[in-house]
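# Coordinate inspection notes
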Amino acid sequence: MSDIVPIDAADPLALAKAVGGAMFGRDQASQTLGVTILDIGPGYATLSMTVRPDMLNGHQTCHGGFLFALADSAFAFACNSRNEATVAAGCNIEYLRPVPVGTLLTATAMERSLAGRSGVYDVTLTDPEAGVVALFRGKSARVKGDVLNASNP
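Residues numbered from 1 in each chain as written. Predicted model: local features only at pLDDT ≥ 70, side-chain atom pairs only at ≥ 80, totals over all residues. Heavy atoms only, no water.

A few words now on helix α3 (residues 64-79). With 16 residues, α3 ought to run about 22 Å at 1.5 Å a step, and its terminal C-alpha atoms sit 22 Å apart, in line with that. When α3 is considered as a whole, its buried residues turn out to be G64, L67, L70, A71, S73, A74, F75, F77, A78 and C79. (Helix = DSSP H or I, 4+ residues; strand = E, 2+ residues; numbered from the N terminus. Expected span 1.5 Å × (residues − 1). Buried < 20%, exposed > 50% of the residue type's maximum accessible area, 1.4 Å probe, protein only.)

Laid out in structure tokens, this is it:
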């Protein structure tokens, strides 16, 4: 079955929302983590995730890998929002505060630079009680194809 979705490419916000919906429908990792898309537009995305008991490390705080996964998902939705298939070329994260179970985390990804096939995106992870808990920076690389009519695996 084809993923071809008719959308007005002249409406960047509608395009970004269609891309986000298509990507999320195929994103088993984000779905399994309980991620929710709160907002998406050209070059940005805001996602949320509640820290579950199975996400805790030996210190009984959220394992850094789950924080990274949430940030990486926000990065992916932001850098693919223009319907040009894009992947991570590199990324890093700074963990600033521990995150307890039950915390509703928000990851906000913002495009900082887009030139040619490369982009730079900053993602801020926040906890409503503690504020900023992690900072992530991702570098993107555009590859062949698009998201909505993807024949990409």
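Right, picking up where we left off after that structure.
Attention now moves to the sheet that holds strand β2 (residues 44-50). Here six strands make up an open sheet; going across it, the order is β1-β2-β4-β5-β6-β3 and the pairing antiparallel. At either margin of the open sheet sits one strand with a lone partner, and together these are β1 (36-41) and β3 (86-95). Between one strand axis and the next, the sheet turns by 20 degrees as a mean value, whatever way the strands run. In the sheet, β3 pairs with strand β6 (residues 131-142) via nine bridges, with the strands oriented antiparallel. (Pairing = 2+ DSSP bridges. Axes fitted to C-alpha atoms, helices over the stretch in contact; angles between N-to-C directions.)

What follows covers the environment of E84. Tracing the backbone through its elements, the reader meets E84 in the loop between α3 and β3. The sequence separation of E84 and M55 amounts to 29 residues, and the corresponding C-alpha distance is 32 Å. If we ignore the near neighbours within four places in the chain, the residues touching E84 are C79, R142, G145 and D146. Among the polar contacts listed, one links the side chain of E84 to the side chain of R142, at a separation of 3.3 Å. (Contact = heavy atoms within 4.5 Å. Polar contact = N/O pair within 3.5 Å; in protein donor to acceptor, adjacent residues only side chain to side chain.)

This part takes up the pairing of β2. Along β2, five of the seven residues are buried, which leaves the element largely enclosed by surrounding structure. Between β1 and β2, which follow one another and run antiparallel, lie two residues, and G43 among them has a positive phi close to 80 degrees. Where β2 lies against strand β4 (residues 104-115), seven bridges are found, and the strand directions are antiparallel. Note on β4: the bridge partner recorded for S48 is T106.

The subject of this paragraph is the environment of V143. Along the polypeptide, V143 turns up in the segment after β6. Its relative accessible area of 35% is what places V143 among the partly exposed residues. For the pair formed by V143 and V87, sequence separation is 56 residues and the distance between their alpha carbons is 7.1 Å. Those residues in contact with V143, other than ones at most four positions away along the chain, are A85, T86 and V87.

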